[in-house]
Amino acid sequence: MSLKAGIVGLPNVGKSTLFNAITKKHILAANYPFATIEPNVGVVTVPDTRLDFLVSLYNPKSIVPTTFEFIDIAGLVSGASKGEGLGNKFLSHIREVDAIVEVVRAFDDENITHVEGKTDPIRDVEIINTELILADLETVTNRLGKIVKKAETTKDKLALLEVSLLNKIKSTLESEKPIRTLEFSEEEQEMLKTYNFLTAKKIIYVANVDEVSASVGDNEYSKTLKEYAKCEDAGVVVMCAKLESELADLDSLEKEQFLKDVGITNSGLDKLIFQTYNLLGLATFFTSGSDECRAWTFKKGMKAPECAGIIHSDFEKGFIKAEVMSFNDLEELGNELKVKESGKLRLEGKEYLMQDGDICYFRFNV
């Protein structure tokens, strides 16, 4: 599954520095707005100690971790929804992602220009959220103008449902609230997919703090952002992008020592990757053997044939059974043979809901 998270924020809040750390690439991170015009794309592996265990057990020829795609989108400014500051282009890039990572400056530094003059996380968040809301409101208004009369004339059930849905969304947007704060029926959710609304996307806020605050875990700016995020049930990751960028150049042992020296337990990037993964309702299953150990991303609630289809469409079409063992059982018992002997290797059918940490071998016939 190809998964994308878009990194957004005002100019000079640390987006490009964070992106450098995520992808271990070094793109332009200059001290002026629009240092990044085209979106930069980088793929990051999702850290998973379970895959490390499988590799140590099977010693495979090939190792394939699960990955996540991050897109660094150029800084948005007030008026972006009207096309200001290349706004239309930037908004189109946001439409292509599965989740939004909004970087918010949560530190003071007189040497780094703030496009709005001074540090104020809530103001910054509201500037961007307002632009996304206005863009969605324009989409809703345009669509309503085209279908209201038709729906009223024909009394078509789907058309009437669409009008009702759009009016509900319009009312919420006009109250300056994002679409993700609403609840929808299954039928409405299906209809929503065709619009690709910006404010319907899941969001995580990154409070970009200074190095001192990162070691403590918070500062007044990040605390304020956390309170704000509660209103829309959004997550907040506190990290120092500059520190994470320095960490990205170290090997695992150096990284561990560096974190210990600055008093940080876990890398902020790891927290961000895990939170983004969980935000989208994702989980991991594994295939393993002497040829390859591989982690696969799936959405929670998917059944065995659908997960088989992630590997290859033929696996889903000709699905017969799935041989499944849980990672916890394998780790506890030490090897596949002992899992089988203990009766914990299972044969699951088409209705089996895949679980995070399942290790699978799919039987199929095409």
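For the structure itself, consult the block above.
This is a predicted model, so every value here is computed, not measured. (Residues numbered from 1 in each chain as written. Predicted model: local features only at pLDDT ≥ 70, side-chain atom pairs only at ≥ 80, totals over all residues. Heavy atoms only, no water.)

1. As for the pairing of strand E7 (residues 235–239)
A large share of E7 lies buried, amounting to five of its five residues. By the alternation rule, side chains of E7 split into Gly-235, Val-237 and Met-239 and Val-236 and Val-238, which are all buried. As defined by bridge partners, strand E6 (residues 202–208) adjoins E7 across five bridges and the pair is classed as parallel. Opposite Ala-207, over in E7, you have Val-238 as the bridge partner. (Buried < 20%, exposed > 50% of the residue type's maximum accessible area, 1.4 Å probe, protein only. Helix = DSSP H or I, 4+ residues; strand = E, 2+ residues; numbered from the N terminus. Pairing = 2+ DSSP bridges.)

2. What about the environment of Ala-5?
By the element assignment, Ala-5 lies in strand E1 (residues 4–8). Spatially, the C-alpha atoms of Ala-5 and Tyr-277 are 9.7 Å apart, while their sequence positions differ by 272 residues. Ignoring any residue separated from it by four or fewer positions in sequence, one finds Ala-5 in contact with Phe-68, Glu-69, Phe-70, Ile-71, Val-97, Ala-99, Val-101 and Thr-276. (Contact = heavy atoms within 4.5 Å.)

3. Some thoughts on the packing of aromatic side chains
Scanning the model with the defined rule gives nine aromatic pairs in all. Ring plane angle 10° and centroid distance 6.2 Å describe the contact between Phe-285 and Trp-296, whose orientation is recorded as stacked. One end of the pair, Phe-285, is in strand E8 (residues 282–287); the other, Trp-296, is in strand E9 (residues 292–299), with 11 residues separating them in the sequence. The same class applies to Phe-285 as to Trp-296, namely buried. Geometrically, the ring pair formed by Phe-285 and Phe-362 is edge-to-face, given 6.0 Å between the ring centres and 90° between the ring planes. Taken together, the residues Phe-285 in strand E8 and Phe-362 in strand E12 (residues 358–364) connect sequence positions 77 residues apart. (Phe/Tyr/Trp six-rings, centres within 6.5 Å; stacked < 30°, edge-to-face > 60°.)

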